[in-house]
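Spelled out from the first residue to the last, the chains are:
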Amino acid sequence: DDKRAFNNRPVWARISVIFAGPLFNFILAFILSMVIVSIIGYDPARIEHVTKDSPAVQAGLKAGDVITEFGGKHINLSREVDTYLAFHPLSQKEITIKYKRNGKITETTVTPKNDYMLGFGYTADTTGAELSNVYENMPMANAGIKKGDVITSINGVKIKTGSDLYQYFFDYPLNADEISISYIRDGKTYTTTVRPELAPNSFSIGISINRLREKTGVLGVLRYSTAEVKFWITSTIESLGQLIRGKLGADDLAGPVGIVDFIGDTYKATKNEGALTVFLSMANIGILLSANLGVMNLLPIPALDGGRLVFLLLEVFRGKPISQEKEGFVHMIGLVALLILMVFILFNDLGRIF
């Protein structure tokens with residue numbers, strides 16, 4: 001009977017209480033983003049390389065241009081371009097790009113073209129060009145090259161690092177012509193020829209985007225911290241859409257056990273780089289988790305904050321509350337469903353770990 005009790009408060013007061021949980025998830029994500037951006041800056045979507053004779057060249061794009069819109073999506077961070085391409089793979093369809101050059105915004109359209117591929121993976125850094133993956137039934141594997149081999153030259157061009165290998169393909173884009181590859185395996189040098197294959201379902205426009213962060217001022221910290229939170233929120237929403245459409249599966253889900261395992265792996269990978277790197281990595285995970293929790297709690301699912309908000313908004317439109325017994329029954333069903341899902345995710349996490 002206490003008039004201060006939750007159910008006795010006006011509907012908008014109850015809405016504000018329910019909404020406060022997800023809101024503070026986003027606020028925490030913003031605070032952590034400000035810490036990260038203040039320390040190491042943000043990643044501008046600046047074009048670093050443009051492949052010779054590529055669609056990007058034909059569209060007028062140049063190294064140094066900063067992408068501000070890609071396929072209709074506003075861009076603040078280079079990761080937003082990566083995420084867009086992950087969820088909307090390029091095809092033969094024209095794509096619109098807006099970019100800034102010398103302070104002026106210009107719009108252009110680019111028609112992606114099929115890639116020629118060799119079928120391998122590597123890390124574009126300052127260490128040797130060691131292959132991290134060689135894919136079966138692809139040209140590199142068919143030529144006898146294996147995971148762990150270190151590329152030393154292509155067509156006579158010396159390759160000393162992963163960055164050199166990365167740069168090579170911008171300076172000498174693949175086509176149907178055979179290439180000569182020299183590599184080291186078990187201390188011995190081998191040379192073989194490989195003919196790239198046209199990948200019918202793989203398209204590119206011939207650009208690479210900046211991956212490094214740059215410092216910014218106070219206003220920049222506020223702007224790009226907001227962009228950071230927006231990036232994680234939209235990535236979460238896009239991922240949920242992919243899950244509903246069946247483009248992501250059970251292996252892409254993680255619960256508490258999977259999250260702790262991920263945090264442990266991140267710590268092991270960064271502990272040798274110093275306390276600051278570990279702290280920034282954990283803060284970044286904090287942003288990811290906070291944004292995910294905020295979005296998930298706002299979903300209109302019974303037993304979650306979003307489900308409670310649905311009933312409160314219905315009360316606003318109806319002018320009177322829905323029966324507490326009926327609302328409680330719906331939330332109970334939702335809670336049981338969520339518990340079943342959590343058990344499934346728990347076993348999925350354990351199976352993936354062990």
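Predicted model only: the values in this text are computed from it and were never measured.

Time to look at helix 6 (residues 218-244). Under the 1.5 Å per step criterion, the end-to-end length of helix 6 is 40 Å for 27 residues, consistent within 8% with the ideal 39 Å. Positive backbone phi, at 80 degrees, marks Gly-246, one or two positions downstream of helix 6.

On to the sheet that holds strand 5 (residues 104-110), then. Note on sheets: strands pair through backbone hydrogen bonds, and any given pair is parallel or antiparallel. A sheet is described by the order of its strands in space; here four strands give the open sequence 3-2-4-5, paired in antiparallel fashion. The outermost strands of the open sheet, each flanked by one partner alone, are strand 3 (73-74) and strand 5. Bridge analysis of strand 2 (residues 66-70) against strand 3 gives two bridges, and the strand direction is antiparallel. Looking at strand 3, one finds that Glu-69 is bridged to His-74.

Moving on, we get to the packing of helix 1 (residues 11-40) against helix 9 (residues 305-318). Axis separation between helix 1 and helix 9 bottoms out at 10 Å; the angle between their running directions is 160 degrees. With respect to helix 9, the axis of helix 1 lies roughly antiparallel. As helix 1 runs across helix 9, the sense of the crossing is left-handed. In contact with Val-11, Trp-12, Arg-14, Ile-15, Ile-18, Phe-19 and Pro-22 of helix 1, helix 9 contributes Asp-305, Arg-308, Leu-309, Leu-312, Leu-313, Glu-315 and Val-316. Residue composition of the contact of helix 1 with helix 9, by class: 10 nonpolar, no polar and four charged.

It is worth spelling out unusual backbone geometry at this point. A positive phi angle, near 60 degrees, is found at Asn-137, a position not held by glycine. Take Asn-137: it is sitting in the loop between strand 8 (129-134) and helix 4 (139-142). If you check the backbone angles, Asp-186 has positive phi at about 55 degrees while not being a glycine. Its relative accessible area of 76% is what places Asp-186 among the exposed residues.

Mapped onto the fold, Ala-13 is located in helix 1. On the basis of relative accessible area, Ala-13 is assigned to the partly exposed category, the value being 26%. Taking the C-alpha atoms as reference, Ala-13 lies 35 Å from Met-282; in sequence the two are 269 residues apart.

The geometry of an aromatic ring pair comes down to the distance between the two centres and the angle between the two planes. Here the structure, examined in full by the defined rule, presents nine aromatic pairs. Ring geometry for Tyr-183 against Tyr-190: centres 5.6 Å apart, planes inclined by 25 degrees, an arrangement best described as stacked. The exposure class assigned to Tyr-190 is partly exposed, which follows from its relative accessible area of 34%. An aromatic cluster is present here, built from Phe-120, Tyr-122, Tyr-168, Phe-169 and Tyr-172 joined pairwise through their rings. The ring of Tyr-190 has Arg-185 lying over it, and the distance from NZ or CZ to the ring centre is 5.8 Å.

Here the structure, examined in full by the defined rule, presents 15 salt bridges. Across the salt bridge formed by Arg-46 and Glu-214, the nearest N and O atoms sit 2.7 Å from each other. With Arg-46 in the loop between helix 1 and strand 1 (47-50) and Glu-214 in the loop between strand 14 (207-209) and helix 6, this pair connects stretches of sequence that are 168 residues apart. Residue Glu-214 is classed as partly exposed on the basis of its relative accessible area of 29%. Linking Glu-327 and Arg-308 is a salt bridge whose minimum nitrogen-to-oxygen distance equals 3.4 Å. Highlighted residues: Glu-327 in helix 10 (residues 324-353) and Arg-308 in helix 9, separated in sequence by 19 residues. Take Arg-308: its relative accessible area is 27%, and that puts it in the partly exposed class. Taken together, the shared-partner salt bridges connect Asp-43, Arg-79, Arg-213 and Glu-228 into one network.

Quick look at a nonpolar patch on the surface now. A grouping of Val-343, Leu-346, Phe-347, Leu-350, Ile-353 and Phe-354 is seen on the molecular surface, where their side chains present a nonpolar patch of about 600 Å² in accessible area. Here Ile-353 shows up in helix 10. The exposure class of Ile-353 is partly exposed, given its relative accessible area of 33%.

Leu-61, Ile-67, Phe-70 and Ile-207 are the most contacted members of the largest nonpolar core, which has 19 residues in total. When contributions to this core are tallied by element, the ones reaching two or more residues are strand 2, helix 3 (78-87), strand 4 (95-101) and strand 14. Per-element tally for this core: the top contributor is strand 4, with three residues. Ignoring any residue separated from it by four or fewer positions in sequence, one finds Leu-61 in contact with Ile-47, Val-50, Ala-56, Ile-97, Tyr-99, Arg-101, Thr-108, Val-110 and Ile-207.

Cut-off values and rules
Residues numbered from 1 in each chain as written. Predicted model: local features only at pLDDT ≥ 70, side-chain atom pairs only at ≥ 80, totals over all residues. Heavy atoms only, no water. Helix = DSSP H or I, 4+ residues; strand = E, 2+ residues; numbered from the N terminus. Expected span 1.5 Å × (residues − 1). Pairing = 2+ DSSP bridges. Axes fitted to C-alpha atoms, helices over the stretch in contact; angles between N-to-C directions. Parallel < 35°, antiparallel > 145°, perpendicular 65-115°, else oblique. Left-handed = near helix turned anticlockwise from the far one by under 90°. Contact = heavy atoms within 4.5 Å. Nonpolar A, V, L, I, M, F, W, Y, C, P; charged D, E, K, R; others polar. Buried < 20%, exposed > 50% of the residue type's maximum accessible area, 1.4 Å probe, protein only. Phe/Tyr/Trp six-rings, centres within 6.5 Å; stacked < 30°, edge-to-face > 60°. Lys NZ or Arg CZ within 6 Å of the ring centre and 35° of its normal. Salt bridge = Lys/Arg side-chain N within 4 Å of Asp/Glu carboxyl O. Patch = residues over 30% accessible without salt bridge, like charges linked within 9 Å, V, L, I, M, F, W, Y side chains within 5 Å. Areas by Shrake-Rupley, 256 points an atom, 1.4 Å probe, with all protein chains shown as cover. Core = buried A, V, L, I, M, F, W, Y, C linked by side-chain atoms within 4.5 Å.

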